[in-house]
Amino acid sequence: MAKLKVYIKNSQSEVKIPVGIRLLIRRCCQAVLITEKFKHDTEVSVSFINNKEIRNLNRIYRNKDKSTDVLSFPLCENGNFDESEQGVVMLGDIVISLETAVKQAENFGHSLEREIGFLTVHSMLHLLGYDHETSTLEARIMREKEEAVLEKLGISRDATFISKAAQ
């Protein structure tokens, strides 16, 4: 099995990172690579930032002056991945707004773990070249892949729904 190195950095102070989130992110990244049969040694960077910073990045890189939940910065072009001298493929960077992840978890009625897992899987697929904005077919394919990976990890939509009555 190929090696995976995930660098995780917390650059925000608005939300306390729950125990186990770093391991969850690593598991999500690994599960996507296995599902996609990506056989190279790989490095990925994941950063937690606040809404102000993600809005700034969204404005600079996507020309959208609003905050968002996650941004992906793939290092591949046209499906071609650069390898380091050691043969490691650097897929790119994932940037997650924890503030938005918390709000979305509440709005969707599932756990923060499910939300962060989803955002990580979603971004990993972007790093591998998937783009849900190119067509409705591509969006559907990407969504099905996301749910398949999350189900394998035990954090599918159905398994993580939180009933408001149970709270």
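Summary of the structure given here. (Residues numbered from 1 in each chain as written. Predicted model: local features only at pLDDT ≥ 70, side-chain atom pairs only at ≥ 80, totals over all residues. Heavy atoms only, no water.)

### Focus: the layout of surface pockets
And then number 1: Estimates place the volume of the largest pocket at around 680 Å³.
And then number 2: As for the largest pocket, its lining consists of 30 residues, of which V70, H122, H126, H132 and E133 are closest to the centre.
And then number 3: Broken down by element, the lining of the largest pocket gets its largest block of residues, 6 residues, from helix α4 (residues 112-127).
And then number 4: Its residues assigned to classes, the lining of the largest pocket shows 10 nonpolar, 9 polar and 11 charged. (1 Å grid on protein atoms, 1.4 Å probe; cavity = no way out; pocket = protein on both sides within 12 Å on 5 of 7 lines; lining within 4 Å. Points joined across faces, edges and corners; volume = space filled by probe spheres on them. Helix = DSSP H or I, 4+ residues; strand = E, 2+ residues; numbered from the N terminus. Nonpolar A, V, L, I, M, F, W, Y, C, P; charged D, E, K, R; others polar.)

### Some details on the pairing of strand β1 (residues 4-10)
And then number 1: Of the strand pairs in this sheet, β1 and strand β2 (residues 41-49) are connected by 7 bridges, and their pairing is parallel. By the bridge assignment for β2, L4 is matched with T42.
And then number 2: For the segment spanning β1, helix α1 (residues 21-35) and β2, crossover handedness is left-handed. (Pairing = 2+ DSSP bridges. Right-handed = clockwise from strand over helix to strand, strands pointing away.)

### Let's talk about α1
Residues spaced three or four apart along an α-helix point in a common direction, a consequence of the helix completing one turn every 3.6 residues.
And then number 1: The end-to-end C-alpha separation of α1 is 21 Å, in line with the 21 Å expected for 15 residues at 1.5 Å each.
And then number 2: Of the residues making up α1, those classed as buried are I21, L24, I25, C28, C29, A31, V32 and L33.
And then number 3: Summarising the contacts, the buried residues of α1 are in contact with β1, β2, β4 (88-97), α4 and α5 (136-152).
And then number 4: Among the residues trailing α1, K37 stands out with phi positive, at a value near 55°. (Expected span 1.5 Å × (residues − 1). Buried < 20%, exposed > 50% of the residue type's maximum accessible area, 1.4 Å probe, protein only. Contact = heavy atoms within 4.5 Å.)

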